[in-house]
Amino acid sequence: MSKDAVPSVQAASRTDVAQMPADAGDAGYSKDLKPRHVNMIAIGGAIGTGLFLGAGGRLHTAGPALALAYLVCGIFAFFVVRALGELVLYRPSSGSFVSYAREFLGEKGAYVAGWMYFLNWSTTGIADITAIALYTHYWSLFTDIPQWTLALIALAVVLTVNLISVKMFGEMEFWFAIIKVATLVGFMLIGIFLLATQHDVGGGTPGPSVITDNGGLLPHGAMPVVLVMQGVIFAYAALELVGVAAGETAEPEKVVPRAVNSIMWRVGLFYVGSVVLLALLLPGSVYSADESPFVTVLSKIGIPAAGDVMNLVVLTAAMSSLNSGLYSTGRILRSMAAAGSAPRFTARMNRSQVPYGGILLTCAVCVLGVGLNYLMPSQAFEIVLNIASLGVISTWVIIMVCHLVFVRRAREGLVARPFFRLRFSPATEITTIAFLLACLGMMWNDPEVGRRTLLLIPVIAVLLVAGWFGVRRQVDRTADRELTGLTD
């Protein structure tokens with residue numbers, strides 16, 4: 001080879017490397033998610049059963065100040081998504097925060113982030129199929145069908161949709177979100193009408209007097225409001241889906257900032273606005289954990305079939321959550337498999353460019369949930385929901401730690417920050433991490449469920465350490481192959 005040819009070969013080599021994805025797990029995806037899909041995925045992530053069903057029990061426990069809890073948790077959730085949005089614009093990846101953990105925290109950080117996220121969504125999936133079965137039993141037509149059978153049918157339907165194509169997933173999430181938003185808007189219009197006309201609601205007149213005559217903002221003191229924070233944080237779980245979806249959209253630099261920025265006003269309008277309306281319409285003591293607060297209000301004013309409509313919406317929210325869980329874990333596990341820290345089969349894709357291996361692994365854990373529904377139908381939901389909360393908090397903490405390292409490297413001139421940024425770093429990240437860890441600590445005050453959940457942390461830690469020793473050689477071999485490929 002002549003000396004003149006050497007620069008040409010080096011240039012070509014640099015071009016090949018530049019064209020390779022920074023995360024090997026990003027190769028092969030289609031870019032079929034449209035802006036409307038990503039925007040609705042952001043909305044769908046922000047609105048779920050935590051509001052439609054969970055707000056009733058929390059209003060009963062904490063009173064009208066629950067609106068403040070939703071606002072505070074919503075602000076910190078926005079910080080997390082804003083930090084993730086900045087990382088996405090720096091480098092879009094379907095591996096999302098696992099890919100960023102690999103870059104900024106090393107392979108061990110990516111391993112912990114990925115498997116904790118898998119723990120979150122696989123257990124949430126069990127909670128979702130349990131919820132779907134319970135909500136379906138509301139109608140007499142399905143009462144005689146065993147709970148585990150309904151759970152299995154729901155899982156099979158959502159799995160099929162996920163395996164067809166990412167576009168099908170996007171369409172399903174789009175319409176799920178439309179149903180949820182339309183329901184909330186409809187309820188808020190009814191609530192505003194009731195307030196404006198002073199229409200009788202359950203034998204009382206709606207307005208500020210409903211709050212002042214029933215113990216004020218804090219009828220049971222401040223502690224119940226503090227204790228519900230952990231549950232409220234879980235209500236916002238799935239907001240990070242925007243980061244995963246960005247890897248399969250054609251123009252993430254345009255779509256992601258718009259979707260992330262819109263989350264804040266949606267949280268304020270839908271969550272805080274709905275809770276304020278609920279508190280103005282009926283005393284907190286009227287609401288319960290066994291019934292959607294929206295059904296409680298609508299039934300008090302005699303709207304026929306309010307329970308049926310709301311049950312359908314809550315069923316939709318649970319289906320949406322299950323759909324999102326299978327989608328996101330499939331992408332996350334593929335990113336991990338490409339680095340050697342997840343089973344090889346989870347890297348496989350079908351002809352529609354869907355990572356079916358990871359989706360099927362999550363589905364397998366959900367099948368165990370079908371067994372849990374068979375053995376303990378009355379306890380299945382609470383057991384898995386609290387385990388999932390550990391995964392949510394750890395995922396959000398890892399995102400903020402990644403962003404801290406990213407900003408530090410940017411100040412050292414090693415990377416460039418995009419125009420879309422999380423402000424006031426590092427104070428914002430540190431405050432958010434402290435808040436999330438405090439929410440975790442609050443679970444100790446719940447001896448029945450929360451304390452037992454916290455006692456699982458050492459067990460999970462032991463499993464993660466044992467798992468790392470099981471995969472570290474494969475991780476090292478994969479890294480050596482990638483290094484050899486770049487230097488050849």
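Located above this text is the structure these notes cover.
Presented here is an overview of the structure given in this document. These numbers come from a predicted model, not from an experiment.

Let's talk about the packing of aromatic side chains
Counted under the stated rule, the structure contains 15 aromatic pairs. Judged by centre distance (5.9 Å) and plane angle (85 degrees), the ring pair of phenylalanine 76 and phenylalanine 79 falls under edge-to-face. A residue pair is termed a helical-turn pair when its members lie 3 or 4 positions apart in one helix, as phenylalanine 76 and phenylalanine 79 do in helix H5 (residues 66-90) at three residues. Residues phenylalanine 97 and tyrosine 117 carry aromatic rings whose centres are separated by 4.7 Å and whose planes lie at 80 degrees to one another, so their mutual orientation is edge-to-face. Here phenylalanine 97 is found in helix H6 (residues 96-105), whereas its partner tyrosine 117 is found in helix H7 (residues 107-136), with 20 residues between them in sequence. For the pair shown, phenylalanine 97 and tyrosine 117 are each scored as buried. These aromatic residues form a ring-pair network of at least three members: Tyr70, Tyr236 and Tyr271. The aromatic ring of phenylalanine 420 is capped on one face by arginine 82, whose charged end is 4.0 Å from the ring centroid.

Considerations on the state of the cysteines
A full pass over the atoms with the stated rule returns zero disulfides. Cysteine 363 takes part in no disulfide bond, and the closest cysteine sulfur, belonging to cysteine 366, lies 6.0 Å away. With relative accessibility at 7%, the residue cysteine 363 sits in the buried group.

Re a nonpolar patch on the surface
On the surface, Leu68, Leu71 and Ile75 cluster together into a nonpolar patch covering about 240 Å² of accessible area. Here leucine 68 is to be found in helix H5.

A look at the nonpolar core
Membership of the largest hydrophobic core comes to 160 residues, with the highest contact counts inside it found for Phe52, Tyr70, Trp115, Ile233, Tyr236 and Trp396. The residues contacting tyrosine 70, other than those within four sequence positions of it, are Gly50, Leu51, Ala55, Arg58, Val232, Ala235, Tyr236, Tyr271, Val272 and Val275.

Topic: helix H4 (residues 54-62)
When H4 is considered as a whole, its buried residues turn out to be Ala55, Gly56, Gly57, Arg58, Leu59 and Ala62. The inward-facing, buried residues of H4 abut helix H3 (49-52), H5, helix H11 (223-227), helix H12 (229-235), helix H14 (252-281) and helix H15 (293-300). Just downstream of H4, glycine 63 is the residue with a positive phi angle, here 80 degrees.

Overview of a positive patch on the surface
Where like charges cluster on the molecular surface, the positive patch consists of Lys108, Arg344, Arg472, Arg473 and Arg477. When residues of the positive patch are assigned to their parent elements, the largest contribution, three residues, is made by helix H21 (residues 456-487). Along the chain, the position of arginine 477 falls in helix H21. On the accessibility criterion, arginine 477 (43% relative accessible area) is partly exposed.

Rules behind the numbers
- Residues numbered from 1 in each chain as written.
- Predicted model: local features only at pLDDT ≥ 70, side-chain atom pairs only at ≥ 80, totals over all residues.
- Heavy atoms only, no water.
- Phe/Tyr/Trp six-rings, centres within 6.5 Å; stacked < 30°, edge-to-face > 60°.
- Helix = DSSP H or I, 4+ residues; strand = E, 2+ residues; numbered from the N terminus.
- Buried < 20%, exposed > 50% of the residue type's maximum accessible area, 1.4 Å probe, protein only.
- Lys NZ or Arg CZ within 6 Å of the ring centre and 35° of its normal.
- Disulfide = S-S within 2.5 Å.
- Patch = residues over 30% accessible without salt bridge, like charges linked within 9 Å, V, L, I, M, F, W, Y side chains within 5 Å.
- Areas by Shrake-Rupley, 256 points an atom, 1.4 Å probe, with all protein chains shown as cover.
- Salt bridge = Lys/Arg side-chain N within 4 Å of Asp/Glu carboxyl O.
- Core = buried A, V, L, I, M, F, W, Y, C linked by side-chain atoms within 4.5 Å.
- Contact = heavy atoms within 4.5 Å.
- Lys, Arg positive; Asp, Glu negative; His and termini not counted.
- Charge placed at Lys NZ, Arg CZ, Asp CG, Glu CD.

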